[in-house]
Amino acid sequence: MSLDFEGGATMNMIDMSVIILYLAIIAFVGLLGARKAKTSEDYIVAGRDLNFPMYFGCMAALTLGGAATIGTAKLGYQSGLSGMWFVTSQGIGLVLLSLFLAKKIFNLRVLTISEMLENRFSVEARLISSLVSITYTAMLTVTQIIGIGSVLKVWLGWNFTLSIIVAGGIVLFYTVLGGMWSVTMTDIVQFIVMSIGIFAVMLPMSLSKAGGWAGLHEKLPSTYFDLSVMGGADIFKSLLLYALGIVVGQDVWQRVFTARSLKTSRYGLIAAGGYSLLYAITVAIIGMCAFAVLPAITEPQNAFASMAVTTLPPGVLGIVLAGVLSALMSTASGTLIASSTLIVNDIIKRFSKRDMNEKRFLIISRLTTLSVGVFAMVCALWIQDILVALDIAFAVLSGALFFPIIFGFFWKRVAARAVFYSILISSVVILISLMLKGTTSIVPILYGLATSCVTIVVFSYVLRDPVKPTVHDEDEHVQKIHTL
């Protein structure tokens, strides 16, 4: 049995079997990880005990998910090498986080960004920031599930709904059971498979099919080799959305909390940032090869999958597609556990169940993870465009939370109520701008950042709350947190 794809290629039953077997293996590995999730810290931050190889692999797998792979190949198909800016911006964000904030974040010993904002400012700041972060992490989960649905639709011939239910259900299964430990163990497998599939197999064989680098120059417009062809506005938008979003993303912070040491945290972030750059260039080139070989693809979002089934022999194809599926599933599980953590730690436990014991915390966490996962799957069926969902997620996060977090670390005079109003007003401005200008416009993120910054500065001088220590005052602040 074989299935037809754009370009006239087919998928062999061998490859279908490899993908289905891989899904079963991931589910099994996730189940093994569930055995280690015995406390709230095990479930949320893997006991804060990951060494460098595990931490680096997990951080890279988290960042380079479905949007990174499917989205960059799509951009490479449409615009060429400049499609790399999307993922490169995320890598830049990881490096910035390592250089300027990793030490401060690691020493906090909290579980969420919102928890830090309460310690620095107020409970209101914790509440409003957690709602914004939940929106971001949930929407990011949606992007990965959309990616899973689109590739399985192409690979296995299933309809979009069935693809989401099966693959999304597997991610939901192991994340609900084992939390961060299951996510970590599956991420290691997924990182290895993803790296082999993209760098060792897909890139060289795609270039070979397209006639090598010289063949690409012959078949593609010269603009495809121009890093700036996307335009300065779109490149700037990528940097604003994704670099800043990575710096203040709960899913990334939560991985920082899993590191065994500060050294592991900092060097792991830099290594993952460098890996992101290589990944961005590689997948953009694969998208270019797809345009050279299959210029008539009707849905650019399927460029990677269609190129794979056109280029690779049976068996090898299954391994490469399993690698792409790895990227999708690893990010989906990471953002899913981040959403659950925010809801349970910053909403339920903080405002309703402050005396919650470990056993009840784990039960509520698993139920919350299940609920968020089902919600994300429903949203994925509704939105269906991976880059649209991603733009919404990063616009809200970067525009509303970047300045409150940065000022919280570096400016003592910030008023607690100013932070609350800043997050609230900038979120409203971003959402209204998205509706008026569309998700492709750079205006919403610019309006959001400007509103956030001005509101904080003006209200801090007007309100003049009592000065609390910045997170920059590490010794005093860490001591305070440990005594809470």
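Residue positions within a chain follow its written sequence, with the count starting from 1. Reporting of local features is limited, given that this is a predicted model, to residues whose pLDDT is at least 70; pairs of side-chain atoms are given and counted only at 80 or more, and all residues count toward the totals for whole chains, interfaces and linings. The side-chain figures draw on all heavy atoms in the structure; neither hydrogens nor water molecules are used.

Engineer: How do you make sense of helix α5 (residues 85-108) when you look at a structure like this?
Structural biologist: Given 3.6 residues per helical turn, the α-helix brings residues three or four places apart onto the same face. To qualify as a helix, a DSSP run of H or I must reach at least 4 residues; to qualify as a strand, a run of E must reach at least 2; elements of each kind are numbered from the N terminus. Under the convention used throughout, the expected extent of a helix is 1.5 Å for every residue step, that is, one less than its residue count. Here α5 spans 32 Å end to end across 24 residues, near enough to the 34 Å set by a 1.5 Å rise per residue. To get the bend at any residue, fit one axis to the seven residues that end at it and another to the seven that begin at it, then take the angle between the two axes. Of all the bends found along α5, the most pronounced is centred on L101 and spans about 70 degrees. Of the residues flanking the end of α5, it is R109, one or two places downstream, whose phi is positive at about 60 degrees.

Engineer: Which parts of the structure should I look at to understand the packing of aromatic side chains?
Structural biologist: Note on aromatic pairs: each is described by the distance of the centres and the angle between the planes. Working definition: rings of Phe, Tyr and Trp (its six-membered ring) pair if their centres are within 6.5 Å, and the pair is stacked with planes under 30 degrees apart, edge-to-face with planes over 60 apart, and tilted otherwise. All told, the structure shown has 20 aromatic pairs when counted by the stated rule. Taking the centre distance of 6.1 Å and the plane angle of 80 degrees together, the rings of F56 and Y275 count as edge-to-face. Residue F56 is found in helix α3 (residues 52-63), and its partner Y275 is found in helix α12 (residues 262-293); the two are separated by 219 residues along the sequence. Exposure is judged per residue with a 1.4 Å probe applied to protein chains only, and the accessible area is read against the type maximum: over 50% gives exposed, under 20% gives buried, and values in between give partly exposed. Classification of F56 by relative accessible area gives buried; the value is 17%. Judged by its relative accessible area of 10%, Y275 is buried. Measuring from ring centre to ring centre gives 5.2 Å for Y77 and F291, while their planes differ by 80 degrees; the resulting arrangement is edge-to-face.

Engineer: Would you take a moment to explain the environment of L172 for this structure?
Structural biologist: Positionally, L172 belongs in helix α8 (residues 160-209). With 257 residues separating them along the chain, L172 and V429 place their C-alpha atoms 33 Å apart. If near-sequence neighbours (up to four positions away) are discounted, L172 is found in contact with L336, T369, L370, G373, V374 and M377. Any pair of residues with heavy atoms lying within 4.5 Å of one another is described as a contacting pair.

Engineer: Would you take a moment to explain the side chain of T455 for this structure?
Structural biologist: By secondary structure assignment, the location of T455 is in helix α18 (residues 443-463). Taking the relative accessible area as the measure of exposure, T455 reaches 7% and is therefore buried. Residues contacting T455, with those up to four places away along its chain left out, are A418, Y421, S422, I425 and S460.

Engineer: Quick question: what am I supposed to make of the packing of helix α13 (residues 303-311) against helix α14 (residues 316-351) here?
Structural biologist: Helix packing for two helices is described by the angle between their axes and how far apart those axes are. Convention adopted: a line fitted to C-alpha atoms gives each axis, helices being fitted over their contacting stretch, and angles between N-to-C directions are expressed from 0 to 180 degrees. Running from N to C, α13 and α14 cross one another at 165 degrees; their axes reach a closest spacing of 9 Å. As the angle between them shows, α13 and α14 are arranged roughly antiparallel. Considering only the axes of α13 and α14, their crossing is right-handed. Across from F304, A308 and V309 in α13, the residues of α14 making contact are L317, V320, L321 and V324. Classification convention: Asp, Glu, Lys, Arg as charged; Ala, Val, Leu, Ile, Met, Phe, Trp, Tyr, Cys, Pro as nonpolar; all other residues, Gly among them, as polar. Grouping the constituent residues of the contact of α13 with α14 by class yields 7 nonpolar, no polar and no charged. Any angle between 65 and 115 degrees counts as roughly perpendicular, while under 35 counts as roughly parallel, over 145 as roughly antiparallel, and the rest as oblique. The crossing is said to be left-handed when, going from far helix to near helix, the turn is anticlockwise and less than a right angle, and right-handed when the turn is clockwise.

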